[in-house]
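Geometric and topological summary
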Amino acid sequence: MFPQHFGFPEPRDDPVSLSCREPLEAVKSPNQSHTMVEPGEQLPEEVLALIFCHLSLRDRAAAAGVCRAWAAAATSSAVWHDTSIRCDSEREGILPPYLSVCLDHIHNLQLEFEPSRKSSRRAATELLTTLAGRAPGLRGLRLKCCGEKPLFDAGRDVLDAVHALCGSAGQLHHLDLRCLPFTLDDALVLQVACGCPELRSIFLDNHTLVDSVGPGSVLKLLAACPRLRTLGLHLASLSRAVLDALAEPNRAPFALLALRCASPEDARASPLPDGAWVALHCRHPGLTVELELEPALPAESVMRVLQPAVPVATLRLNLSGDTVGPLRFAACHYATTLRALEVRASASPELDTALEELARRCAGLREIHCFCVVRTSVLDAFRAHCPRLRSYTLKLKREPHPWRPTLVR
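Residues numbered from 1 in each chain as written. Predicted model: local features only at pLDDT ≥ 70, side-chain atom pairs only at ≥ 80, totals over all residues. Heavy atoms only, no water.

**Re a nonpolar patch on the surface**
Together, Leu43, Val47 and Ile51 line one region of the surface with nonpolar side chains, adding up to about 230 Å² of accessible area. Within the secondary structure, leucine 43 sits in the segment before helix H1 (45–52). (Patch = residues over 30% accessible without salt bridge, like charges linked within 9 Å, V, L, I, M, F, W, Y side chains within 5 Å. Areas by Shrake-Rupley, 256 points an atom, 1.4 Å probe, with all protein chains shown as cover. Salt bridge = Lys/Arg side-chain N within 4 Å of Asp/Glu carboxyl O. Helix = DSSP H or I, 4+ residues; strand = E, 2+ residues; numbered from the N terminus.)

**Overview of the packing of aromatic side chains**
Scanning the model with the defined rule gives 2 aromatic pairs in all. Seen in terms of ring centroids, phenylalanine 329 and tyrosine 334 are 5.8 Å apart; in terms of plane orientation they differ by 75°. Their pairing is edge-to-face. Classification of phenylalanine 329 as buried rests on a relative accessible area of 14%. Across the ring face of phenylalanine 203, the terminal group of arginine 178 is positioned such that the distance to the ring centre comes to 3.8 Å. (Phe/Tyr/Trp six-rings, centres within 6.5 Å; stacked < 30°, edge-to-face > 60°. Buried < 20%, exposed > 50% of the residue type's maximum accessible area, 1.4 Å probe, protein only. Lys NZ or Arg CZ within 6 Å of the ring centre and 35° of its normal.)

**A few points about H1**
Where H1 is concerned, the buried positions are Leu48, Ala49 and Phe52. All buried residues of H1 fall inside an arc of 100° around its axis, so they share one side. Facing away from the buried side of H1 by over 90 degrees, the exposed positions are Glu46 and Leu50. Looking at the buried positions of H1, the neighbouring elements they touch are helix H2 (57–64), helix H3 (68–74) and helix H4 (77–80). (Arc of directions from axis to C-beta. Contact = heavy atoms within 4.5 Å.)

**Describing the pairing of strand S3 (residues 140–145)**
Most of S3 sits inside the fold, with 5 of its 6 residues counted as buried. Sheet topology places strand S2 (residues 108–113) next to S3; 6 bridges connect them, and they run parallel. Of the residues in S3, the one forming a bridge with leucine 109 is leucine 141. The pairing of S3 with strand S4 (residues 174–179) spans 4 bridges and is classified as parallel. The partner of leucine 141 across the bridge, within S4, is leucine 175. Running through helix H7 (residues 156–166), the crossover from S3 to the neighbouring parallel element S4 is right-handed. (Pairing = 2+ DSSP bridges. Right-handed = clockwise from strand over helix to strand, strands pointing away.)

**Here's the deal with the packing of H7 against helix H8 (residues 186–195)**
Interaxial distance between H7 and H8 falls to 8 Å at its minimum, and their mutual angle equals 20°. In terms of axis orientation, H7 runs roughly parallel to H8. Our pair here, H7 against H8, has a crossing hand that is left-handed. Every residue of H8 that contacts H7 at Val162, His163 and Cys166 is listed here: Ala187, Leu188, Gln191, Val192 and Gly195. Class assignment for the residues of the contact of H7 with H8 results in 5 nonpolar, 3 polar and no charged. (Axes fitted to C-alpha atoms, helices over the stretch in contact; angles between N-to-C directions. Parallel < 35°, antiparallel > 145°, perpendicular 65-115°, else oblique. Left-handed = near helix turned anticlockwise from the far one by under 90°. Nonpolar A, V, L, I, M, F, W, Y, C, P; charged D, E, K, R; others polar.)

**Some thoughts on the side chain of glutamine 191**
Within the element layout of this structure, glutamine 191 appears in helix H8. With relative accessibility at 18%, the residue glutamine 191 sits in the buried group. Excluding anything up to four places from it in sequence, glutamine 191 contacts His163, Cys166, Gly167 and Cys196.

**Considerations on the pattern of salt bridges**
Taken as a whole and assessed by the stated rule, the structure comprises 16 salt bridges. The partner of glutamate 114 in a salt bridge is arginine 117, with the nearest N and O atoms 3.7 Å apart. The class of glutamate 114 is partly exposed, set by a relative accessible area of 21%. The salt bridge involving glutamate 198 is made with arginine 200; its shortest N-O contact spans 3.2 Å. The partly exposed category is assigned to arginine 200, whose relative accessible area is 24%. Within this structure, Arg121, Asp153 and Asp157 form a network of salt bridges that share partners.

**Comments concerning unusual backbone geometry**
Note that the residue after histidine 401, namely proline 402, is joined by a cis bond; omega there is 5°. The residue proline 402 is located in the loop between strand S12 (391–393) and strand S13 (406–407) in this model. The phi angle at phenylalanine 152 is positive, at roughly 65°, despite the residue not being glycine. Mapped onto the elements, phenylalanine 152 comes out in the loop between S3 and H7.

**Regarding the environment of leucine 57**
In this structure, leucine 57 sits in helix H2. A relative accessible area of 3% places leucine 57 in the buried class.

And the structure:
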C-alpha cells in the first residue's frame, strides 16, 4: 500500500518447471558432423541467467542439472544477486547442497518462514547460521514471518542466528526486521553497530508490544554507522540525544525516520521538544517521518506524539479512541509535508468532516486509505483538492474484505 524503502523481487507464484532429463542432442542433417551441441550453448549465458533468476529454487536446481552451460548460468551471480527464499518444504523446498554453492553470490536476501512450523523455522535458522560464516558479500537482509507465532515464543533461535550473521556481515547496507514478531533488544543493536559499519538503513520498528531497544544503544549505532540514512524505531527508542546526533554537522544526509507507537514504553515516552525537530529538519531538509499510531497508545498520549514541527510524510492512525482530533491536527500542522494517510476507525459524520477538511488543506497528498465507509462528499473532496493523488481507498458502501485501492490514472 505504501512505498517499500527496502524491497526484493517477490517469488514467482507460477514458477516454470524444468525437467532434469539427459541433455538433448542437437538435430543433425545427414551432411552434418556427429558433434553434439549442448542445449545451453544455443543461448548466451547472460540470457540464460536472466531467465533463471525468475525461477524457483527447485527449478534452478533442475536447470543446473541439464548441462554444463545451464549449470554455469544457474550458479552465476546475476541469478542470485537479489534472492527471495521461502522456507516452505512442501512447496518450495530448501536445497542446502545447491544453496551452498551459491551463498557467496547473494547480495540481497529476503528470507520468509513460518515460525509455528518447525521445519520452516529450522531451515531459516540453519540458512542464516550458514550464511553467517560466509556473508562478506551480503548487502541486504530482510526477514519476513508469515502465519501465526507460537504463544510465548521469544524467537531466541532466530535472533541468535541474526546476531551471528550481523557479526560477520561487514558490508551489510540494509537490515529490515519489521516483519520479525520477536522482541528486539540492545544486544542485537550493539552487535549491528559493531559488525556492520557500512549500514545505510535499519528497521527495528517491528510489531511487538514490548520495546527493549533503548536510546543508548541507538546512539552507539549512529556513532558506528556514519552513513546511515534510514532508521525505523519504536518511539521509546528515540530521545533528544538521538535527534541531536542525527543533526550533527558531519552527519551524512538523513532521509527517513520511521516511528511506531504501540508499546506501553511508547506511551510513557517523554515528548521531544519542537526545537530539536526544527534543528533536525534544518540540518536535513529532505528528511521525512513516517508515524504509525496503534490502538495500544492511550488517548492522552496521542497528542504528545503529534508535534507540530515533525515533518510527517506518512501517517497511519489505527487508534482505539478519538481519531477526529489527530486528523484535524494533521490537517493544520502537516499540510505541507503529508503525502500518505491511512485511517482505521469507525464511520461517523465527524470523521467525514475531518477528512474533507484534511483534503482541502493537504494538496500534496498522494495516497489516502480509509478503512471505513465514507460519504460521497469525502471522495469528491480528495478528487477536487489533491491533484497529485495516485491511489485511494474510499468506499461509499460496505464491501467484502480485503478492500483494494483505486489507482488514479
